[in-house]
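Coordinate analysis (summary)
Listed below are the residues making up each chain.
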Amino acid sequence: MKELKDLVRPNIWALEPYSCARDEFKGMNAHVFLDANESPYNEPLNRYPDPLQENVKQALAPIKQVRPSQIFLGNGSDEAIDLVYRIFCEPGRDNVVAIAPTYGMYKVCADINNVDYRPVLLDGNFQLQAQKILDATDAHTKVIWLCSPNNPTGNELDKKEMQRILLEFPGIVVIDEAYSDFSSLQPFRHFMDRFPNMIVLNTFSKAWGSASIRLGMAFASEEIIGLFNKVKYPYNVNKLTQDKAMQMLADWMKVDQWVRQIKREREHMMPALSELPICKKVYPSEANFVLVEVTDANAVYNYLIRKGIVVRNRNKVQLCGNCLRITIGTQQENNELLSAMRQFK
Ligand SMILES: *Cc1c(COP(=O)(O)O)cnc(C)c1O
C-alpha cells in the first residue's frame, strides 16, 4: 500500500474539520447546556445527536468483531460510498476500477464526483480474475470496488483472487459485504488488521431489517476512519436512527433468527424455481435473493406485475440477459410467487 497521504486528495488531507459544539465539550458533568443554540424545550429531540455515535459503535463492535475506532456510521452505505470518492478521488483526474455487473451506486457516485469509472466484466460464472482487475488500473487508480456476495448475481467472489487484489493493489480496495450475513463464508471484516488498504461496507438495510432508518457502516483502519469523520456532515446520523439502532443491536438474537429463516427459504426456493418450465437457470446465491434466468424476462416481469408481485428485472444488465432478481420473502410470499410463475403462459 502507498502512504495514505499519497492516496488522499491534498485538500482533504489539509482540511481543518468543522468543530461543532458537541465536539468541543464532551464532559459528562454539566447540566446546563447553553452552547449550541438549541431550544430548551421539546426534550429529548431538542439536543443535537452524538456526532460520532459512540454508543452505537460500542454495541456494534463486538457483534461485528471490530474495534469501535474502526467503525464509520453513515446515512446508509450510500454515504460511505460517496465519501470514498470525496476523500480519495480528484475529480477529472483520478479513476476507479470495479467489477461488472455489480451494485449501481458505485458508478452513480463516480459520475456525480466526475471520477472515471472503469468496469471490468466478470466471467460467465460471475467470477473475477485478479489479474484482469489489476491490469485495468494505472497510476491514477485510487480505488477498486468489489462486492461479495455480489449484487445482482448473488454469488461470493473468489476469496483468493480478492486477497491477491488487496495485497498487490497499492490503493484502496472497498469490499461491499452488504449480504455477508446470508453467506456461509468468512467475511473480510474479520481480517481488518491484515489489510490496511481495505474498507469493508455493511448495512442495517438487509439482514437487520432496518432499511428505513438509513444506517450504513464502513470498517477500516483508524486512520481511514479518521478521514471519514473529518469529511462527513457533523451530525450525519440522527438521534432517532441511533436510538433505533441501539434497540436492534440489543435484539440481535431475533435478527439471527430472521437470517436463518431467510436462508432456509432460499434453499427451498432455489430448487423450486429451477423446476419451473419457464426457468432456464438459477444462479448460486449466498445472499437474500436469487438471480434467475427465464425464457422471457420482460414478459414474466410484466405478468408478475399484473398479479401484484414485484421482482427486479435485470434483463438489460451485462451478462444478465433474461434474468430476474428475486428477493427471498416470507414463506407465504415465496409460495405466492412460485404459484404465479407456475401458471405463466
Ligand atoms: C442494498 C445494498 C446496500 C445497502 O445500501 P444502504 O444505503 O445501506 O441501504 C449496499 N451495497 C449493496 C451491494 C447493496 O445491494
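Our subject is the structure that appears above.
Attention shifts here to the overall build of the chain. Check the secondary structure of the chain and you find 13 helices and eleven strands. Oriented by its inertia axes, the alpha-carbon framework of the chain measures out at about 70 × 50 × 30 Å. Across the 345 residues in the chain, those meeting the buried criterion constitute 50%. Of the contacts formed within the chain by residues at least 6 apart in sequence, a portion of 69% connects residues at least 24 apart. Carbon together with sulfur atoms contributes 50% to the accessible area of the chain, which is approximately 16,800 Å² in total. Charge-centre separation for the chain: the mean point of 41 positive side chains lies 5 Å from the mean point of 41 negative side chains.

We now examine the site of the ligand. Every one of the 14 residues lining the ligand counts as a neighbour, but D176, Y179, T203, K206 and R214 are closest to it. At 2.8 Å from an oxygen atom of the ligand is found a side-chain nitrogen or oxygen belonging to N151. Contacts to the ligand include Y179, whose side-chain N or O atom sits 2.6 Å from an oxygen atom. Isolated, the ligand exposes 390 Å² of accessible area, and the fraction of that covered by the protein chains is 93%.

What follows is about the pattern of salt bridges. Throughout the structure, instances matching the rule amount to 17 salt bridges. Across the pair R67 and D193 runs a salt bridge, and its minimum N-O distance is 3.3 Å. Remark: D193 occurs in the loop between β5 (172-176) and β6 (198-203) and R67 occurs in the loop between α4 (54-64) and β1 (71-74); sequence separation between them is 126 residues. A residue is classified by how much of its surface remains accessible, and R67, at 41% relative accessible area, is partly exposed.

Next up on the list: a nonpolar patch on the surface. Nonpolar side chains collect at one region of the surface, where I63, W252 and M253 lie side by side and expose about 300 Å² of accessible area between them. Of the residues examined, I63 reaches a relative accessible area of 31% and is grouped as partly exposed.

Our next topic: the nonpolar core. Within the largest apolar cluster, 85 residues are counted, with the highest numbers of intra-cluster contacts made by Y85, F88, W145, I199 and F228. The greatest single-element share of this core, amounting to seven residues, is contributed by helix α5 (residues 77-88). When neighbours within four sequence positions are excluded, F88 is seen to be in contact with L4, L7, V8, R9, D94, K142, V143, I172, I199 and I224. I278, V290, A297 and L324 belong to the second largest nonpolar core, which has 25 residues in total.

This next bit is on the sheet that holds β5. Within the open sheet, the seven strands sit side by side as β1-β7-β6-β5-β4-β2-β3. Their pairing is mixed. Each edge of the sheet is formed by a strand with only one pairing partner; in this case those strands are β1 and β3 (116-121). Between one strand and the next, the sheet's axes are offset by a mean angle of 20°, whatever the strand orientation. As paired elements, β1 and strand β7 (residues 216-219) share four bridges and run antiparallel to each other. Note that in β7 the partner of L73 across the bridge is M217. Contacts from helix α8 (residues 159-168) reach β4 (141-147), β5 and β6, with the element oriented near 150° to β5. Its contacts with the sheet put helix α9 (residues 222-231) on β1, β5, β6 and β7, and the angle it makes with β1 is roughly 25°.

Calculation notes
Residues numbered from 1 in each chain as written. Predicted model: local features only at pLDDT ≥ 70, side-chain atom pairs only at ≥ 80, totals over all residues. Heavy atoms only, no water. Helix = DSSP H or I, 4+ residues; strand = E, 2+ residues; numbered from the N terminus. Buried < 20%, exposed > 50% of the residue type's maximum accessible area, 1.4 Å probe, protein only. Contact = heavy atoms within 4.5 Å. Areas by Shrake-Rupley, 256 points an atom, 1.4 Å probe, with all protein chains shown as cover. Lys, Arg positive; Asp, Glu negative; His and termini not counted. Charge placed at Lys NZ, Arg CZ, Asp CG, Glu CD. Near = heavy atom within 4 Å. Polar contact = N/O pair within 3.5 Å; in protein donor to acceptor, adjacent residues only side chain to side chain. Salt bridge = Lys/Arg side-chain N within 4 Å of Asp/Glu carboxyl O. Patch = residues over 30% accessible without salt bridge, like charges linked within 9 Å, V, L, I, M, F, W, Y side chains within 5 Å. Core = buried A, V, L, I, M, F, W, Y, C linked by side-chain atoms within 4.5 Å. Pairing = 2+ DSSP bridges. Axes fitted to C-alpha atoms, helices over the stretch in contact; angles between N-to-C directions.

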